[in-house]
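Residue-level listing of the chains:
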Amino acid sequence: MDKEDISLPSRRKQQSGGNQKNRKKKKVDPLIYVATPQRLDHNTSGLFVVATRKEFAAYFAKLLRVKTEAHLRSGVVSNSNNNTSFGQTVDGNVQKRYRCLVCIQPGNRKNENGLPSSLGEEVERLNQFVNNKAIIRHWLEPNYRAPHVYSENYSKDWLECLLRITKVGKVIPVDRSCELSKMLWSSDGGTMPPQCKAVAELEVELMTGRAHQIRGQLSAMGFPICGDAVYGGVAHHNGDTSPPPIHSESPRTQEQRASRYTNSDKLALQCCALQFPDLNYTINNKGELVPVQSDRINKFQLETAWWTPFLSVDYGSFSGSTTNLDDLSIASTLRRSTSTLIEQNEQENVKEIIKTILPTAVRLSPGANKYVIIRATSQGSKEVKWFVKSASSMECGGPYHADVARDLLKELSRANYNTVVCGGGRIDYDAAKNVAHVYGFSYGFGKGDHEFVSLLIEKEGIRATFDNSDVLY
């Protein structure tokens, strides 16, 4: 071995020492501190707080925690299930408001008459939350896995969740073939939940901060957010809106996770307003920065969301649908059990002719027209009779199911019958062939029992068929 080989280790040591000296001389830029004390759910848009100091991150996290604790302390007793009453409200240091677009799904619950709820009744229920300034309370099962379980019933160790609906926007009917559904859901509207008959924009004040709180609470109330695949706002295979299994096809690579995000339905949820007191910094005797809450209030607000342009377009009438807020309000009123629809003095005048011939049980107009089914109960004998009526717009004086029902309800009221409109849809009646086909639904009264209606029609000697699918109007 020559001398050059023997000295190689010492040469490497000298080079290494030189590199260390060079590294010491190089200036290393300090890392920038970035933290997110406020969370937004996956696919949620809107205002977001980013902290560039540890002191501010801790400060803002404390504001959120104190706000939740203050609202819970100020409320009524925690094991109360009453969603319409609440104690003195607290204006927390942090105020957050969200904007969302929800699915309105008639038929998911029963109304006061035991009938499936109509679109009008569901819209009325939303408006009552706003008019009553109601605090909506649910209980969250302590579980880290989604979907989280939200319940109206108190359970020990479950977390209390509070929110308030502050505004209900325009109600827009939808179906899978309309342009709006293609804008809001993927697959040209094919992932729209089949039970969804309309959408409405809500503004929500979040009073406690729980996992998926707005999404979970609204879904538990029957109003899932459009595009929410976890809580019923998206239809999967065969129209199923239940969430996919927790362990199914979990994406492992970055490319797979990105593909799942870009190919998923967009969640119609936005943090649209944020307000909190700003922070000052002072230096103490030790030269340390000390954060101090200031009197300045930071206010941030977004006027529009990604779906706003879609709602402002006049899509016109699709699939022959016709309804508006006045129609929904009138239908909700008519659908309730009524003892009389005429003035008291007129009722007195007809007492002597109560036993006159009742209207025909089935009254159909030729062509494809809207129909209603009415349950009539005699005030004297409690005898129950059923009536079916279809009519064109020209015959009944208007384009809505309420117009079809109005005259028949008055006739039955004069005969001293209590009446309930149990639903509606359309009947395509071919008088020449003596056949009728029952299908569709009513926005105001909900979908009628088409099978039962077809049996009533057949009792009148007319051959009848029916179709109960939700896609037909």
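Residues numbered from 1 in each chain as written. Predicted model: local features only at pLDDT ≥ 70, side-chain atom pairs only at ≥ 80, totals over all residues. Heavy atoms only, no water.

Participant: Could you clarify how one ought to interpret a nonpolar patch on the surface in this entry?
Facilitator: Side chains of I32, V34, F48 and V50 sit close together on the surface and give an oily, nonpolar patch of about 410 Å² of accessible area. Within the secondary structure, F48 is located in the loop between β1 (45-46) and α3 (54-74). (Patch = residues over 30% accessible without salt bridge, like charges linked within 9 Å, V, L, I, M, F, W, Y side chains within 5 Å. Areas by Shrake-Rupley, 256 points an atom, 1.4 Å probe, with all protein chains shown as cover. Salt bridge = Lys/Arg side-chain N within 4 Å of Asp/Glu carboxyl O. Helix = DSSP H or I, 4+ residues; strand = E, 2+ residues; numbered from the N terminus.)

Participant: Looking at this structure, how should I read the packing of aromatic side chains?
Facilitator: Any aromatic ring pair is given by two values, namely how distant the centres are and how the planes are angled relative to each other. Enumeration over the complete set of coordinates arrives at 10 aromatic pairs. On the basis of an interplanar angle of 90° and a centroid distance of 5.5 Å, the ring pair of W306 and W307 is categorised as edge-to-face. Clustering of aromatic rings is evident, with ring pairs tying together F56, Y59, F60, F276 and F300. (Phe/Tyr/Trp six-rings, centres within 6.5 Å; stacked < 30°, edge-to-face > 60°.)

Participant: What is the right way to read the sheet that holds strand β12 (residues 417-430) from this model?
Facilitator: Picture the strands of a sheet paired through backbone hydrogen bonds; they go either parallel or antiparallel. Sheet architecture is open: 6 strands sit in the order β9-β11-β10-β12-β13-β14, paired in mixed fashion. Each edge of the sheet is formed by a strand with only one pairing partner; in this case those strands are β9 (362-363) and β14 (463-466). With respect to the sheet, helix α13 (residues 450-459) is in contact with β9, β10 (367-378), β11 (384-391), β12, β13 (435-439) and β14, its orientation differing from that of β14 by roughly 175°. (Pairing = 2+ DSSP bridges. Contact = heavy atoms within 4.5 Å. Axes fitted to C-alpha atoms, helices over the stretch in contact; angles between N-to-C directions.)

Participant: Explanation requested: the pattern of salt bridges in the structure shown.
Facilitator: Two side chains of opposite charge can pair, provided their charged atoms sit close to one another. A complete count under the given rule lists 12 salt bridges for this structure. Here E411 makes a salt bridge to R363, at a shortest N to O gap of 3.6 Å. Of this pair, E411 sits in helix α12 (residues 401-414) while R363 sits in strand β9, placing them 48 residues apart in sequence. Using a relative accessible area of 30% as the deciding quantity, one classes E411 as partly exposed. R363 gets classed as partly exposed once you look at its relative accessible area, which sits at 29%. Each of the salt bridges in this network shares a partner with another, and the network as a whole consists of D41, R215 and D228. (Buried < 20%, exposed > 50% of the residue type's maximum accessible area, 1.4 Å probe, protein only.)

Participant: Before we go on, may I ask you to explain the pairing of strand β8 (residues 289-301) in this structure?
Facilitator: In regular strands, side chains alternate between the two faces of the sheet. In the sheet, strand β7 (residues 269-283) pairs with β8 via 10 bridges, with the strands oriented antiparallel. Among the inter-strand pairings, Y281 is bridged to a residue of β8, identified as P291. Where β7 folds back on β8, the antiparallel hairpin that results is connected by 5 residues, among which G287 adopts a positive phi of roughly 80°.

Participant: Could you clarify how one ought to interpret the nonpolar core in this entry?
Facilitator: Generally speaking, a soluble globular protein has its nonpolar side chains buried in company with each other. If you look at the biggest cluster of nonpolar residues, it comprises 61 residues, and the most contacted ones within it are I165 and V199. For this core, the secondary-structure elements that each account for two or more residues are α3, β2 (95-104), α4 (119-131), β5 (159-173), α5 (179-184), β6 (198-206), α6 (213-220) and β7. The contacts of V199, once residues within four sequence positions are left out, are L101, V102, K170, V171, I172, V174, L180, L184, W185 and C226. One finds V362, L364, V438 and L456 within the second-largest nonpolar core, a separate group that totals 17 residues. (Core = buried A, V, L, I, M, F, W, Y, C linked by side-chain atoms within 4.5 Å.)

Participant: What exactly am I supposed to notice about the environment of L119 here?
Facilitator: Along the polypeptide, L119 turns up in helix α4. On the basis of relative accessible area, L119 is assigned to the buried category, the value being 1%. In sequence terms L119 and S442 are 323 residues apart; their C-alpha atoms lie 8.1 Å from each other.

Participant: Just to check I follow, could you spell out unusual backbone geometry for this structure?
Facilitator: Excluding glycine, a negative phi dihedral is what most residues carry, and trans is how most peptide bonds are arranged. At the junction of A146 and P147, the peptide bond is cis and its omega measures out at 5° in the coordinates. You can see P147 is positioned in the loop between β3 (136-140) and β4 (150-151). One non-glycine residue with positive phi stands out, namely H212, at about 55°. Summarising the element assignment, H212 is placed in the loop between β6 and α6.

Participant: How should the layout of surface pockets be read in this particular structure?
Facilitator: A volume near 590 Å³ is recorded for the second largest pocket. When contributions to the lining of the second largest pocket are tallied by element, the ones reaching two or more residues are α3, β2 and α6. The biggest single contributor to the lining of the second largest pocket is α3, with 5 residues. Across the lining of the second largest pocket, the residue classes break down as 10 nonpolar, 8 polar and 7 charged. (1 Å grid on protein atoms, 1.4 Å probe; cavity = no way out; pocket = protein on both sides within 12 Å on 5 of 7 lines; lining within 4 Å. Points joined across faces, edges and corners; volume = space filled by probe spheres on them. Nonpolar A, V, L, I, M, F, W, Y, C, P; charged D, E, K, R; others polar.)

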